[in-house]
Amino acid sequence: MSHKTALVTGITGQDGSYLAELLLEKGYLVHGLVRRSSSFSTGRIDHLYQDPHERAPALRLHYGDLADGSRISTLLEAIQPDEVYHLAAQSHVRVSFDEPEFTGSTTGLGTTRLLEAIRMTGLPCRFYQASSSEMYGTTPPPQHESTPFHPRSPYAAAKTYAYWITRNYREAYGIHAVNGILFNHESPRRGETFVTRKIARAAARIARGEQQFLHLGNLEARRDWGYAPEYVDAMWRMLQREEPDDYVVATGTSYSVRDFLTLCFEHVGLDWERHVRFDERYLRPSEVPDLIGDSSKAARELGWTPTVLTPELAQIMTDAEVESPPALRGDVSTRPQEDSILTAQDQSPR
Ligand code: NAP
Ligand code: G4F
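Report follows, based on the coordinates. All values reported here derive from a predicted model rather than from experimental measurement.

A few words on the site of ligand 1. Taken together, 23 residues form the shell around ligand 1, and within it Thr12, Arg35, Leu87, Ser91 and Tyr155 come nearest. At 3.0 Å, a backbone N or O of Gly13 approaches an oxygen atom of ligand 1. Within the contact set of ligand 1, an oxygen atom lies 3.2 Å away from a backbone nitrogen or oxygen of Ala89. For ligand 1, whose free accessible area comes to 900 Å², the fraction covered by protein is 89%. Elements supplying a minimum of two residues to the shell around ligand 1: α1 (14–25), β5 (126–132) and α5 (154–173). With three residues, β5 is the largest single contributor of residues to the shell around ligand 1.

What follows is the structure in structure tokens.
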């Protein structure tokens, strides 16, 4: 068992919740950064929570926001982590076109605020940056560590900035800082407005008679979809290496949104073509057409390989929607709407 201390930003998100589980299993003391909101946002990690009045818990949560550099410094000083996993971000690509400045400030500059806090405090901690395959944009697949970036959204541009500032702090100040360039990874804990969860959820709801139609945008986009619990293991492996480096994490396969629809709807005995309608508001002003990751470096140097590929992932996600009540997965929403982001007033920014 490890006696290390980790700080996880974005611990209330999909990846943060799986990473917290993994680190606690390994014996870490885990500190999580949680932004304050008027209602609880800890549904995905409530099963890990222990009452601090009864014992000193292995999971400790702290209020803080990526916008607040001084808070981040104070927390680092207090926590003295061995490892920092920086997962917090405005992570929705479509939303980044509506909120480009906010996305730049959180997803881009948030990384600088953390790295600068590490530099200023002089802590010898290791740093993981949640970089993204979105940075490759229109560069043709397969994409690997030296493939050129061509970001296609404010989100991707912010992540590309964060990627380079991470490398810069490694080269300039010798900080053990790594970029995990993760391709899409999904799970039953995926946010409801990402396309895989939206599809799996709708398939189950339509099968139960709770919903008739699912509205989607571009069905031709292709993604390399893996299974999130396996991807957080790759994050941990990166920080155990003596030499910091950057790694692609992916399955090496690609499926279209149309393929994912077929996989989920056939799993519950439905023909998706009878239920899916086009809504142009879900299109992006510029799209990423095709992502396929080459993670041979991660296999070679980290010993990491995926076992769950997209067809099994679609089954896992659809089964979860069919079998377990939403509350068990930390959902606060039981809305009939398949996508809560766009309201009737929203206009396409194109
Ligand atoms: P997610 O479910 O959207 O979680 C994002 C987390 O960031 C949440 O905990 C959120 O808090 C937190 N957050 C957002 N803005 C914040 C702020 N201003 N201050 C503090 N915390 C803030 O994302 P995910 O899928 O777990 O992804 C984790 C990271 O990997 C993200 O950086 C994402 O961009 C990146 N990534 C994801 C994928 C993927 O396929 N999932 C692929 C490549 C890279 P709330 O719970 O309060 O919203
Ligand atoms: O599920 P998505 O929103 O994920 P996207 O844009 O690939 O981004 C995710 O993966 C990135 C890694 O490559 C992460 F960095 C990022 O944080 C996030 O986790 O959309 C996937 C595809 C897109 O091409 C989109 O245009 O599905 C298409 N799509 C079609 N209809 C839709 C919809 N996407 C969403 N969210 N909603 C739709 O109705």
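Resuming the write-up.
Further remarks concern the environment of Met235. Tracing the backbone through its elements, the reader meets Met235 in helix α7 (residues 228–240). For the pair Met235 and Arg55, spaced 180 residues apart in sequence, the C-alpha to C-alpha distance is 29 Å. Here Met235 is in contact with Asp15, Leu19, Tyr85, Leu87, Tyr128 and Leu182, once residues within four sequence places are set aside.

Before going further, it helps to spend a moment on the site of ligand 2. What surrounds ligand 2 is a group of 24 residues, the closest being Ser132, Ser133, Tyr155, Arg284 and Glu287. Between Ser91 and ligand 2, the recorded distance is 2.7 Å, taken from a backbone N or O atom to an oxygen atom. In the model, an oxygen atom of ligand 2 is placed 2.8 Å from a nitrogen or oxygen of the Arg190 side chain. Relative to its unbound accessible surface of 710 Å², ligand 2 loses 96% to contact with the protein. Taken together, the elements giving at least two residues each to the shell around ligand 2 come down to α6 (195–207) and β8 (214–216). Taken together, the residues of the shell around ligand 2 sort by class into nine nonpolar, nine polar and six charged.

The next thing to look at is the packing of aromatic side chains. For any two aromatic rings, the description comes down to two numbers: the centre-to-centre distance and the angle of the planes. Per the stated rule, a full pass over the model turns up eight aromatic pairs. For the pair Tyr85 and Tyr128, a centre-to-centre distance of 6.3 Å together with 40 degrees between the ring planes defines the contact as tilted. Of this pair, Tyr85 sits in strand β4 (residues 83–86) while Tyr128 sits in strand β5; the two residues are 43 residues apart in sequence, bridging distant segments of the chain. Overall, Tyr128 belongs to the buried group, its relative accessible area being 0%. Here the aromatic rings of Tyr231 and Trp304 are separated by 5.3 Å at their centres, their planes lie at 85 degrees, and the arrangement is edge-to-face. Here Trp304 lies in the loop between α9 (296–302) and α10 (310–323) and Tyr231 lies in helix α7, a separation of 73 residues in the sequence. Judged on exposure class, the residue Tyr231 and its partner Trp304 are both buried. Above the ring of Tyr173, the side-chain terminus of Arg119 is found at 4.9 Å from the ring centroid. We note Lys198 situated over the ring of Tyr282; from NZ or CZ to the ring centre the distance is 3.5 Å.

Turning next to the pattern of salt bridges. Under the criterion given, the structure shown has 19 salt bridges. Residues Arg197 and Glu321 are paired through a salt bridge, measuring 2.6 Å at the closest nitrogen-oxygen approach. With Arg197 in helix α6 and Glu321 in helix α10, this pair connects stretches of sequence that are 124 residues apart. For the residue pair Arg197 and Glu321, the accessibility class agrees, reading buried in each case. Salt bridges linked by common partners bring Arg167, Arg170, Glu171 and Asp246 together as one network.

For the rest of this paragraph, the subject is α5. Along its 20 residues, α5 runs 28 Å from first to last C-alpha, staying within 8% of the 28 Å computed at 1.5 Å per residue. Tucked inside the fold, the buried residues of α5 contact α3 (93–98), α4 (100–121), β5 and β6 (176–182). Backbone geometry just downstream of α5 places Gly174 in the positive-phi region, at approximately 75 degrees.

Regular strands place their side chains on alternate faces of the sheet. Going residue by residue along β4, you find Glu83 and Tyr85 tucked away on one face and Val84 and His86 tucked away on the opposite face as well. Two elements, strand β1 (residues 5–9) and β4, share four bridges in a ladder whose sense is parallel. Bridged to Ala6 within β4 is Glu83.

Its location among the elements puts Asp51 in the loop between β2 (29–34) and β3 (59–63). When its relative accessible area of 30% is taken as the criterion, Asp51 is described as partly exposed. Residues Asp51 and Val232 lie 181 residues apart in sequence; the distance between their C-alpha atoms is 26 Å.

With that settled, consider α4. Compared with an ideal rise of 1.5 Å per residue, which puts 22 residues at 32 Å, α4 spans 30 Å between its outermost C-alpha atoms and is within 8% of the ideal. At Leu109, α4 is bent by approximately 45 degrees, the largest bend along its length. Among the residues of α4, those classed as buried are Thr103, Thr106, Thr107, Gly108, Gly110, Thr111, Thr112, Leu114, Leu115, Ala117 and Ile118. At the C-terminal side of α4, Gly122 shows a positive phi close to 70 degrees.

Definitions and limits used
Residues numbered from 1 in each chain as written. Chains lettered and ligands numbered in written order. Predicted model: local features only at pLDDT ≥ 70, side-chain atom pairs only at ≥ 80, totals over all residues. Heavy atoms only, no water. Near = heavy atom within 4 Å. Polar contact = N/O pair within 3.5 Å; in protein donor to acceptor, adjacent residues only side chain to side chain. Areas by Shrake-Rupley, 256 points an atom, 1.4 Å probe, with all protein chains shown as cover. Helix = DSSP H or I, 4+ residues; strand = E, 2+ residues; numbered from the N terminus. Contact = heavy atoms within 4.5 Å. Nonpolar A, V, L, I, M, F, W, Y, C, P; charged D, E, K, R; others polar. Phe/Tyr/Trp six-rings, centres within 6.5 Å; stacked < 30°, edge-to-face > 60°. Buried < 20%, exposed > 50% of the residue type's maximum accessible area, 1.4 Å probe, protein only. Lys NZ or Arg CZ within 6 Å of the ring centre and 35° of its normal. Salt bridge = Lys/Arg side-chain N within 4 Å of Asp/Glu carboxyl O. Expected span 1.5 Å × (residues − 1). Pairing = 2+ DSSP bridges. Bend = angle between axes of the 7 residues up to and from the residue.

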